[in-house]
Amino acid sequence: MDIQSFVKKLDQEQEIVHIHTEVDPNLEIAEIHRRVVATSGKALFFHRVKNSPFPVATNLYGSDKRIELAFGCEPEKFIRSLVELAQGPLPPSIRTLWQKKNSLKRLFSLGLKKTSAAPVTECELFDLERVPLLKTWIDDGGHFVTLPLVYTEYKNSHNLGMYRIQRFDKSTTGLHFQIGKGGGFHLAQAEEQNEKLPVTIFIGGPVALTIAAIAPLPENVPELIFASLLQGKKLRTTKVADHPHPLVAECDFALIGHANPHERRLEGPFGDHFGYYSQAHEFPVFHCKKIYHRKDAIYPATVVGKPIQEDLYIGNFLQSLFSPLFPLVMPQVKALHTYAETGFHPLAAAVVKERYEKEALAAAFRILGEGQLSLTKFLIVTDQNVDLKDFKTLLETVLARFSPESGFYIFSKTANDTLDYTGPKLNHGSKAVLVGTGKERRSLPKTLSQPLPRQVKNTCIYCAGCLVVDGNIDDIQSLAQLSDWPLIIVVDDAKKTTESSLEFLWTVFTRFSPAEDIYAKDHQVKNHHISYTLPLIIDARMKSHYPPECLTDSDTAALVDKKWNSYFLTP
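Residues numbered from 1 in each chain as written. Predicted model: local features only at pLDDT ≥ 70, side-chain atom pairs only at ≥ 80, totals over all residues. Heavy atoms only, no water.

Visitor: Can you break down the overall build of the protein residue by residue, with the values?
Guide: Along the protein, the regular secondary structure elements total 18 helices and 28 strands. Relative to the globule expectation of 25 Å for 571 residues, the C-alpha radius of gyration of the protein, 25 Å, shows essentially globular dimensions. In terms of overall dimensions, the protein has C-alpha extents of about 75 × 65 × 50 Å along its principal axes. When the 571 residues of the protein are sorted by exposure, 58% land in the buried category. Looking at the protein as shown, the accessible area adds up to about 24,300 Å², and 51% of this sits on carbon and sulfur atoms. Here the protein contributes 64 positive and 65 negative side-chain charges, whose respective centroids are spaced 5 Å apart. (Helix = DSSP H or I, 4+ residues; strand = E, 2+ residues; numbered from the N terminus. Rg over C-alpha atoms; globule rule 2.2 N^0.38 Å. Buried < 20%, exposed > 50% of the residue type's maximum accessible area, 1.4 Å probe, protein only. Areas by Shrake-Rupley, 256 points an atom, 1.4 Å probe, with all protein chains shown as cover. Lys, Arg positive; Asp, Glu negative; His and termini not counted. Charge placed at Lys NZ, Arg CZ, Asp CG, Glu CD.)

Visitor: Before we move on, could you go through the packing of aromatic side chains and cite the residues and values that matter?
Guide: Under the criterion given, the structure shown has 24 aromatic pairs. Plain terms: the ring middles of Phe378 and Phe509 are 5.6 Å apart, the flat faces sit at 65° to each other, and that makes the pair edge-to-face. Here Phe509 lies in helix 16 (residues 501-509) and Phe378 lies in strand 21 (residues 378-382), a separation of 131 residues in the sequence. Accessibility assignment for this pair places Phe378 and Phe509 in one class, buried. (Phe/Tyr/Trp six-rings, centres within 6.5 Å; stacked < 30°, edge-to-face > 60°.)

Visitor: Account for a nonpolar patch on the surface, with residues named and values stated.
Guide: Together, Leu82, Leu107 and Phe108 make up an exposed nonpolar region whose accessible area comes to about 310 Å². Tracing the backbone through its elements, the reader meets Phe108 in the loop between helix 6 (101-104) and strand 4 (112-114). (Patch = residues over 30% accessible without salt bridge, like charges linked within 9 Å, V, L, I, M, F, W, Y side chains within 5 Å. Salt bridge = Lys/Arg side-chain N within 4 Å of Asp/Glu carboxyl O.)

Visitor: Describe the sheet that holds strand 23 (residues 428-436), and please don't skip the residues or the numbers.
Guide: Hydrogen bonds along the backbone pair up the strands of a sheet, which may run parallel or antiparallel. Strand order in the open sheet made by the 5 strands is 19-20-21-23-22, with mixed pairing throughout. Pairing within the sheet leaves two strands with one partner each, and these edge strands are strand 19 (333-339) and strand 22 (408-415). Recorded for the sheet is a direction-independent mean angle of 15° between the axes of neighbouring strands. Two strands pair when backbone bridges link them, and strand 19 and strand 20 (residues 344-352) are joined in this way by 6 bridges, in the antiparallel orientation. The residue bridging Ala335 from the neighbouring strand is Val351, located in strand 20. Contacting strand 19, strand 20, strand 21 and strand 23, helix 13 (residues 391-399) runs over the sheet at an angle of about 70° to strand 21. (Pairing = 2+ DSSP bridges. Axes fitted to C-alpha atoms, helices over the stretch in contact; angles between N-to-C directions. Contact = heavy atoms within 4.5 Å.)

Visitor: Any details on the sheet that holds strand 26 (residues 487-490)? Residues and values, ideally.
Guide: Across the sheet, 5 strands lie side by side as 24-25-26-28-27; this open sheet has mixed pairing. Two strands bound the open sheet, and with one partner strand each, they are strand 24 (459-463) and strand 27 (518-526). The average undirected angle you get between the axes of adjacent strands in this sheet is 25°. Sheet analysis places strand 27 next to strand 28 (residues 529-539), joined by 8 bridges and oriented antiparallel. Residue His523 lies in a different strand from strand 28, and its bridge partner there is Tyr532. Those strands touched by helix 13 are strand 24, strand 25 (466-469) and strand 26, and its axis lies near 90° from that of strand 24.

Visitor: An account of the nonpolar core is requested, with residue identities and associated values reported.
Guide: Ranked by internal contacts, the top residues of the largest apolar core, which has 74 residues, are Tyr61, Phe202, Leu209 and Phe226. Per-element tally for this core: the top contributor is helix 10 (residues 311-322), with 7 residues. Apart from residues lying up to four places away in sequence, Leu209 is in contact with Leu149, Leu160, Gly204, Leu224, Ala227, Leu235, Val248 and Cys251. (Core = buried A, V, L, I, M, F, W, Y, C linked by side-chain atoms within 4.5 Å.)

Visitor: Summarise the pairing of strand 8 (residues 157-161); cite the residues concerned and give the values.
Guide: A regular strand places its side chains on the two faces of the sheet in alternate fashion. Sheet topology note: the strand 7 (residues 149-154)/strand 8 ladder contains 5 bridges and is antiparallel. Paired with Thr152 across the bridge in strand 8 is Asn159. The hairpin turn running from strand 7 into strand 8, its antiparallel successor, is 2 residues long, and Lys155 in that turn takes a positive phi close to 55°.

Visitor: Residues and numbers for the pattern of salt bridges, please.
Guide: Evaluation of the coordinates by the stated rule reveals 26 salt bridges. As a salt-bridge pair, Asp517 and Lys543 come within 3.8 Å of each other at their nearest N and O atoms. Residue Asp517 is found in helix 17 (residues 514-517), and its partner Lys543 is found in the loop between strand 28 and helix 18 (554-567); the two are separated by 26 residues along the sequence. A residue is classified by how much of its surface remains accessible, and Asp517, at 7% relative accessible area, is buried. One network of salt bridges, with partners in common, ties together Glu13, Glu15, Lys65 and Arg66.

Visitor: An account of the environment of Thr237 is needed here, citing residue identities and associated values.
Guide: With respect to the secondary-structure elements, Thr237 resides in strand 12 (residues 235-238). Thr237 sits in the buried class, given a relative accessible area of 4%. Spatially, the C-alpha atom of Thr237 lies 39 Å from that of Ala350, the residues being 113 residues apart in sequence. In contact with Thr237, not counting residues within four places along its chain, are Leu112, Lys113, Lys114, Thr115, Pro246, Leu247, Val248 and Ala249.

Visitor: Go over the environment of His176, please, and point to the residues and values.
Guide: You can see His176 is positioned in the loop between strand 10 (172-174) and helix 7 (182-192). Considered as a pair, His176 and Arg164 are 12 residues apart in the sequence and their alpha carbons are 5.5 Å apart. Not counting the four nearest positions on each side in its chain, His176 is found in contact with Tyr163, Arg164, Glu267, Phe283, Thr418 and Leu419. Of the polar contacts made by the side chain of His176, one reaches the side chain of Arg164; its length is 3.2 Å. (Polar contact = N/O pair within 3.5 Å; in protein donor to acceptor, adjacent residues only side chain to side chain.)

Visitor: Provide a residue-level description of unusual backbone geometry, including the pertinent values.
Guide: The omega angle of the peptide bond from Gly268 to Pro269 is 0°, so this bond is cis rather than trans. When you line up the elements, Pro269 lands in the loop between strand 14 (253-267) and strand 15 (270-271). Ile308 follows Pro307 through a cis peptide bond whose omega is 15°. Locating Ile308 in the fold gives a position in the loop between strand 18 (299-301) and helix 10. With a phi close to 70°, Asn427 is a non-glycine residue in the positive phi region. Inspection of the secondary structure assignment puts Asn427 in the loop between strand 22 and strand 23. According to the relative accessible area criterion, Asn427 is partly exposed, its value standing at 23%.

Here you go:
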């Protein structure tokens, strides 16, 4: 199903709003989108976009219902069937295969299908400024493609990834190749040979491409093949004479060009999905030779920022899709969850097996060695069967069981997510692993037993055993009244931080670096291992070197306020 078909389906389901008032891709569209997302609203179709002949569609995937309309339940059924076969007797019996026949027939849809009748090649364009790229936050460095599908090949390796694209001018853009991603690996290989790297940037097209581009697939699994699996039929592609890559036939736009070896240009800032601005840095440059596009091209876009945004629904769909595979590829892991409320990489949790002492730690290492999970900053593991989505219950379960002497680990000088600025420099940071298994070791306090001194301004309880305070780290470390609390978190505003689990998760896990910002009442080094004395204290205050939070500027807010009713008038 391509974007055109999806929009028709959303129309039939009354899940999309058509806006005919002229709108500006410079900040205005993004602010309308954010306000609709904040109310769990519908998808948006902007028919008249300033300085562009193309309509813009946003919030296409911003609800569980629209995710189901886009992808259905068949991909999940297929993966579950494969896992059940792999976990059953091998080889599977004829009867078992027959029972799975409806799911397994999807295997015959895998692959690419060449065609000469490709909508994407219907028209040509040579000016990137005619495409309605959005500027989404006031301090962004420019206009960006926010749902780019960046395709690269090198030798026999293929990659389709979602790396943000900043337009510099009519023919060049940035290529925000992040750490640990296939596109960056391909460019590095080409640069070793001093070669140009051909690049194709798809926009729109089959909805399955969007999921395939961000799916945490192993490096050797081609994303285009996975897209064909998701959509239940072969992915149609076409060849053009002036570019080595196949073009996805149903895409709305295909930007073709290359990246020169060792060429870099300042890219950013950009208000990112952590809720802060990622800073300007030197990144590769894409030289656009030509833009192919459909006659009826629709420009799909999204807006990211402080959770919850549209990307939460895409991320949760991916977690649901791949969750049956975790016990298969990591047998010690029974369940695994990353938290969209934090931007995904800052926090993950797992229910693991503890069949022998310290097996949970082995499982933690296995998780941290798996693809994009290797960028996890804080990992919590337990052998208790808890719902990982219920973070309060998870945290209480682990705090009651972990040993500060042997169940908490900090690893300094590790790689860090490119978008996480809590470390000392770009792509550098640290990790922490908190292990809480077995029987309860302590009863968790639920109330303060006595008042605290005035230097601790606000004190709020997030859950049993976890105290959130405003104050100074040194003062808190020395307070005997807090010795019963295994975890204390220092923030700028305790009341706001504990308003909800969403606010708690976002504020805390996006504002500390484990190696630099975790303290304890005391610690000792024994056999090269750090043994801690409770309480553990996390400094989750904003630091001077952190980038600012993404906030709507007053001029844009006033403009949208003034025009709000006109957006929703029936033409």
